[in-house]
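Secondary and tertiary structure notes
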Amino acid sequence: MEVIYTLLGVCVSVGLLAFAWRVLGWVWFKPKKLEKCLKQLGLKGNPYRILSGDMKELVKMASDAISKPMTLSDNVAPRVIPYYAHLADKYGKNCYVWMGPMPMVFIRDPELVKEVLNKYELFQKPRNNPLGRKLVRGLVSYEKEQWAKHRRLLNPAFYSEKLKLMQPAFLLSCSEMLSKWEGIVYGKGSSSCSCEVDVWPHLQGLTCDVISRTAFGSSYEEGKRIFELLKEQAMHLVETTRQVYIPGLRFVPTKRNRRMNSIDKEVKSSIRVIIEKRMKAMQAGETKNNDDLLGILLDSNLQEIRQQGNKEFGMSIEQIIDECILFYFAGQETTSVMLVWTMVLLSRFPDWQARAREEVLHVFGDKKPDFEGLNDLKVVTMILYESLRLYSPVAGLIRKTVEETKLGEMVLPPGVLLSLPTLLIHLDTEIWGEDAKEFKPERFREGIMKATNGKPAFFPFSGGPRICIGQNFALVEAKMAMAMILQRFSFELSPSYAHAPYSKLTIQPQYGAPLIMHNL
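Presented here is a report on the structure given in the accompanying data block. (Residues numbered from 1 in each chain as written. Predicted model: local features only at pLDDT ≥ 70, side-chain atom pairs only at ≥ 80, totals over all residues. Heavy atoms only, no water.)

Counting buried residues in strand β5 (residues 397-401) gives five out of five residues, a clear majority hidden from the surface. Side chains Leu 397, Arg 399 and Thr 401 of β5 all project onto a buried face; the interleaved residues Ile 398 and Lys 400 project onto the opposite face, where all are buried too. In the sheet, β5 pairs with strand β8 (residues 417-420) via four bridges, with the strands oriented antiparallel. Of the residues in β8, the one forming a bridge with Leu 397 is Leu 420. (Buried < 20%, exposed > 50% of the residue type's maximum accessible area, 1.4 Å probe, protein only. Helix = DSSP H or I, 4+ residues; strand = E, 2+ residues; numbered from the N terminus. Pairing = 2+ DSSP bridges.)

This is the structure we're talking about:
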């Protein structure tokens, strides 16, 4: 018996030593090896500190930055990504930051950015929790063949002829929002027909309505509930990204983890019910509601399965659910932030607002915008591009090396995060000129490539094979919304406006966007 206890004790001790060695390797030996490799590549950064890395400074600078508004300027990087901007000033463009025990290298050379975006073997692996898997599905890696299949099935939903069919949904949602604004303005009883309106929640509501109608059609009200849940889930993600990542922590039943899992289950369950209801209708030969995104996706998927004669060639219900969540989150967030910053910029630059309104009235008069006429809005397009440049919906994109990877002249080891800091690249004076931090839509007069001097340096919707499939959807919606707003209102910044862009997955106005709206 003593021999058994002795052997058991030895096994336990060996197991504990092996576990301790693995932990030590994860928190010290591997990071130090990566640090040595990065320095040999000519990259600069702070020395590695066990477990936390640069996270304490990163969180503190982010908290300090959002503690008060900034001056009215379009150089928003020091407030939105203060620590990254600080490192860039300290070490130059070729630098890295420690995200806990994992280094993240900044890639700011446009040609290297293009190379990263075009490589399938470089990818982001978000934290393995329900939110990471579902909300940022567009950044998760698929094998090349699987990704190509998903794109092939999703593409039909975003063809021009399909977007044209969604025009009534765009118009209805915009008209409802503008009617609310008119009610607020006239409801104040002012003879001047002007009033302060915080347009930010209204624009969020607009894009929520549009994506709900265009994604789920007749299930619009169910869609709105899903959106509210995803909005709450996004708040939890922001908090988790400000903590040092500890493997297995997601399994601990903390209050946040329980809530995140609860939301994940409810969202999946709600979307599954909508999908199953739609599939039954399709099988019964009902096609009247199949011009929304879900209907088009299901129809494409069904055709793929029939052509190949095998269900393995189509998307599973789980994958369709993931894509529906992506419709919601990416479709709503991207467009609402584009619109709010465009309105803020036009409030500050009334000459451009006047030029845009003149163009809209010339193209549409007082009639509702139509799909074909949107292509004639050259000034509005220039303004939207400049808004996307200065206030890119996301501050940066993340990828991760899964094997030794050659990037330009560098050979990066596996396990290195790569940051493509969209905001810093969009404000780079070496690319855009000395006026890079100023609002000048005329830089896009001759198109994007002319504005960037031929460099691939403008990617508000990502780029390469994984470019946002819904970018045309977002731009059509934004053009239509801006055209209808300009037809009926002029606007200026309210004295109560506080300039405070901050990152909440997307770059949003921390204190809203109160504007003085004048009914035309």
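The next subject is the pattern of salt bridges. Enumeration according to the criterion identifies 19 salt bridges in this entry. Close ionic contact of Glu 176 with Arg 213 constitutes a salt bridge, the shortest N to O distance being 3.2 Å. Taken together, the positions of Glu 176 in helix α9 (residues 167-187) and Arg 213 in helix α10 (residues 199-216) put the pair 37 residues apart, joining distant regions of the chain. The partner of Lys 440 in a salt bridge is Glu 438, with the nearest N and O atoms 3.8 Å apart. Exposure remark for Lys 440: the relative accessible area of 28% places this residue in the partly exposed category. Among the charged side chains, a network of salt bridges with common partners joins Glu 386, Arg 389, Asp 435, Glu 438, Lys 440 and Arg 443. (Salt bridge = Lys/Arg side-chain N within 4 Å of Asp/Glu carboxyl O.)

Located in the positive-phi region is Leu 51, a residue other than glycine, with phi close to 70°. Mapped onto the elements, Leu 51 comes out in the loop between α1 (2-40) and α2 (55-65). Notably, Ser 462 is not glycine yet its phi reads approximately 70°, a positive angle. Checked against the element boundaries, Ser 462 lands in the loop between α19 (448-451) and α20 (471-488). Taking the relative accessible area as the measure of exposure, Ser 462 reaches 11% and is therefore buried.

A word on the nonpolar core. For soluble globular proteins, the rule of thumb is that nonpolar side chains tend to be buried together. Counting residues in each nonpolar core, the largest one holds 137 residues, and the members touching the most others are Trp 181, Val 199, Met 343 and Met 517. Top element by residues in this core is helix α14 (residues 317-348). It accounts for 15 residues. (Core = buried A, V, L, I, M, F, W, Y, C linked by side-chain atoms within 4.5 Å.)

Glancing now at the side chain of Arg 357. For Arg 357, the location among the structural elements is in helix α15 (residues 350-364). Of the side chains bearing the opposite charge, Glu 358 lies closest to the buried Arg 357, which forms no salt bridge; the N-O distance is 9.3 Å. Residues within four places of Arg 357 in sequence aside, it is in contact with Leu 486, Phe 489, Ser 490, Phe 491 and Leu 520. (Lys, Arg positive; Asp, Glu negative; His and termini not counted. Contact = heavy atoms within 4.5 Å.)

With that settled, consider the sheet that holds strand β12 (residues 514-519). Pairing in this open sheet of three strands is antiparallel, and the strands run β4-β12-β9 from one edge to the other. Strands at the two margins of the open sheet, each flanked by one partner only, are β4 (194-198) and β9 (489-493). The sheet shows a mean angle of 35° between the axes of neighbouring strands, direction not considered. Bridge count for β4 against β12 is five bridges, and the pairing is antiparallel. Its bridge partner being in β12, Ser 194 is matched across the sheet by His 518. (Axes fitted to C-alpha atoms, helices over the stretch in contact; angles between N-to-C directions.)

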